Amino acid sequence: MAAIFSGAPPQGGPGYSFNQTPRTAPSGLRQHHGFYPYTDNGGSTLGISGADFTILAGDTRSTSGYNINTRYAPKLFKIGGEGPDNKNARIVLSVVGFAADGDALKERLDTIVKMYKYQHGKEMSVAACAQRLSHILYNKRFFPYYVHAILGGLDEEGRGALYSYDPVGSYEREQCRAAGAAASLIMPFLDNQVNFKNQYEPGSGTGHDLQAKVAAPLPRDTVEELVRDAFTSAVERHIEVGDGLQMMIITRDGIQETLTPLKQD
Amino acid sequence: MNHLPQAWGRPRDDVYGAYDHSHFQTQLPNQHTQSPIVTGTSVVAAKFKDGVVIAADNLASYGSLARFTDVKRLRKFNDEVVVGFGGDVSDMQYLDRLLNSLDIRENYSNNENPLHAKNLHTYLAKVMYKRRSDFDPLWNHLLVTGLDGEKKPFLASVDLLGTTFSSPTLATGFGAHLAQPILRRTIPDEDAVANVSQEEAVKLVQECMKVLFYRDARSMDKYSIAVITTSGVELKQDEKLENQSWAFAERIRGYGTQVN
């Protein structure tokens, strides 16, 4: 109603007088928006799921530009469980990109998973948690959490479950995923070593007769070795990756956490 | 007479001039801080065996002008927390008032469990992240030093984006380039902290302040230094850099007025 009685002339119609009046404030030279709310804190993460386990890994370096902020800033977080140190948690979230957004996202997902248990009297499944995380990211798509998230756990059948996300919430369940600064270095290695891309059965023929090697879930020690190799190689070729390798291995017995040193140069 | 009904009953442009729309219509949203104005430079801090040392000089610059030469940039919060401020000074003063009101509120509600350094760091991180998310940042880089809930040395940083990290040694601004390498030479990791005494840590931080004064054009030789241990906060705000040696300056060639 207020619009009807406001007395303002109809938009686009003639003005108050035969002299056309300006409709907007005179636009002089204004200062450009100078504040950019994001930064890249470097680092890399990776996740691989197996038949009855999931491994998530990430380096512990935090950077801004050419500076190293700290040599120990974890990118892996336990989600759910009890108390501030997430006792008995069964889900792990890894975030890489803008660390402040990563922490905010972790905090939100963690409280949601904890509230779920209070309200429903049972643990949240990984599939449900994965979808919820997608919704959180998508809800903020016009001012996104600038992170690449990977969520790991065990599904209802006890198999390794791994979900990867883009900053606006597109997600997918996968066997393996690398994210962050060295993703483009690690992911092709994983394609070849986990999903056996470009590998063929020896002596199966030539040209179109070649039989592709079929991918199957890998045993745990093989996967751990792959993760270590991926990171030691990434450290050599990417300046934002290094200092420490944090791994979380989710099995039916819980989460096992390890920290091994990487090169500090 | 004006024959356009929507103009009836309104001041005539030919008599009163056109309506000034600038009063209610702007093209851009409200302008928040786009850049800092009066600034403080580096803050330097290091953990040692049973506490933390933190230092910052007493200068507030207005661009390249050394505008205020007696600005205290270390703030004691209570007997186990000190916050060091780099960046915009007016935003520092706002945060100072915020911490004052927080302290009063906390002291009314309880006396047994005063906020420790970790609590205060979390609080400031949330404040800074909230403000950056509102596109109205507090243009500061803070170091929060003191003791955590287990009375262990605590040192962590928050910046204008809400980014947080912790390390045995930290330095903001120019100090991240100049002081941090010197600090890391003595305290490379968390294990090394146990081998550093209070005297060594204080000397180390003083050395860093000296190097910063040599090379940071927006720095000053008057500084504040605080030591936080289980026996409380020892804050000195009128220290002067000692044993300066400008002998090295004579050998510097290649820029300034002389070319080679």
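Residues numbered from 1 in each chain as written. Chains lettered and ligands numbered in written order. Predicted model: local features only at pLDDT ≥ 70, side-chain atom pairs only at ≥ 80, totals over all residues. Heavy atoms only, no water.

As annotated in an unreviewed UniProt entry, chain B carries the name Proteasome subunit beta and comes from Sporormia fimetaria CBS 119925. UniProt, in the comment section headed Function (unreviewed entry), describes chain B in these words: "Non-catalytic component of the proteasome." (UniProt positions renumbered as here; feature names shortened; annotations may be inferred.)

An unreviewed UniProt entry lists chain A under the name Proteasome subunit beta type-1, with Sporormia fimetaria CBS 119925 given as the organism. As its UniProt record puts it under Subcellular location (unreviewed entry), chain A is described as follows: "Nucleus".

J.: Where do I start with the overall build of chain B in this structure?
T.: Within chain B one finds six helices and 13 strands. Over its C-alpha trace chain B gives a radius of gyration of 24 Å, far above what one expects of a compact globule, namely 18 Å for 260 residues. Overall, the C-alpha framework of chain B stretches about 90 × 65 × 30 Å when taken along its three principal axes. The proportion of buried residues among the 260 residues of chain B is 47%. Look at the contacts in chain B between residues 6 or more apart in sequence, and 64% of them connect residues 24 or more apart. Carbon and sulfur atoms make up 51% of the accessible area of chain B, which amounts to about 13600 Å² in all. Once the 29 positive and 32 negative side-chain charges of chain B are each reduced to a mean point, those two points are 3 Å apart. (Helix = DSSP H or I, 4+ residues; strand = E, 2+ residues; numbered from the N terminus. Rg over C-alpha atoms; globule rule 2.2 N^0.38 Å. Buried < 20%, exposed > 50% of the residue type's maximum accessible area, 1.4 Å probe, protein only. Contact = heavy atoms within 4.5 Å. Areas by Shrake-Rupley, 256 points an atom, 1.4 Å probe, with all protein chains shown as cover. Lys, Arg positive; Asp, Glu negative; His and termini not counted. Charge placed at Lys NZ, Arg CZ, Asp CG, Glu CD.)

J.: I would appreciate a short explanation of the nonpolar core in the present structure.
T.: For soluble globular proteins, nonpolar side chains are generally found buried alongside one another. Residues and elements named next belong to chain A. The biggest cluster of nonpolar side chains holds 34 residues, and the ones touching the most others in it are Leu93, Leu105, Leu109, Leu133, Tyr145, Leu151 and Tyr165. Sorting the residues of this core by element identifies β5 (76-79), β6 (91-97), α2 (99-120), α3 (126-139), β7 (147-154) and β8 (160-165) as the ones contributing at least two each. Counting residues per element, this core draws most heavily on α2, at seven residues. (Core = buried A, V, L, I, M, F, W, Y, C linked by side-chain atoms within 4.5 Å.)

J.: Teacher, can you tell me more about the pairing of strand β8 (residues 140-147) of chain B here?
T.: All names here are of chain B. Counting buried residues in β8 gives seven out of eight residues, a clear majority hidden from the surface. Where strand β7 (residues 81-88) and β8 come together, seven bridges link them in antiparallel fashion. Within β8, the position partnered with Gly84 by the bridge is Leu143. Sheet topology note: the β8/strand β9 (residues 153-158) ladder contains six bridges and is antiparallel. (Pairing = 2+ DSSP bridges.)

J.: Would you mind showing me how to read the packing of helix α2 (residues 89-109) of chain B against helix α3 (residues 117-133) of chain B here?
T.: Residues and elements named next belong to chain B. Two numbers describe how α2 lies on α3: the axes approach to 12 Å, and their chain directions differ by 130 degrees. With respect to α3, the element α2 is oriented oblique. In this structure, the crossing between α2 and α3 has a hand that is right-handed. Contacts from Tyr94, Leu95, Leu98, Leu99, Leu102 and Arg105 of α2 reach α3 at Leu120, Tyr123, Leu124, Val127, Met128 and Arg131. (Axes fitted to C-alpha atoms, helices over the stretch in contact; angles between N-to-C directions. Parallel < 35°, antiparallel > 145°, perpendicular 65-115°, else oblique. Left-handed = near helix turned anticlockwise from the far one by under 90°.)

J.: Sorry, what's going on with the packing of aromatic side chains here?
T.: Here a ring pair, both rings aromatic, is described through the centre-centre distance and the interplanar angle of the planes. Per the counting criterion, the structure on display carries 13 aromatic pairs over all chains. Here the aromatic rings of Phe35 of chain A and Trp139 of chain B are separated by 5.8 Å at their centres, their planes lie at 65 degrees, and the arrangement is edge-to-face. Of this pair, Phe35 of chain A sits in the loop between α1 (2-5) and β1 (44-49) while Trp139 of chain B sits in the loop between α3 and β8, which puts the two residues in different chains. Per residue, the accessibility class of Phe35 of chain A equals that of Trp139 of chain B, and both read buried. Between the aromatic rings of Tyr36 of chain A and Tyr38 of chain A, the centroid separation amounts to 5.8 Å while the plane-to-plane angle is 65 degrees, which identifies the pairing as edge-to-face. For Tyr36 of chain A, a relative accessible area of 52% puts it in the exposed group. (Phe/Tyr/Trp six-rings, centres within 6.5 Å; stacked < 30°, edge-to-face > 60°.)

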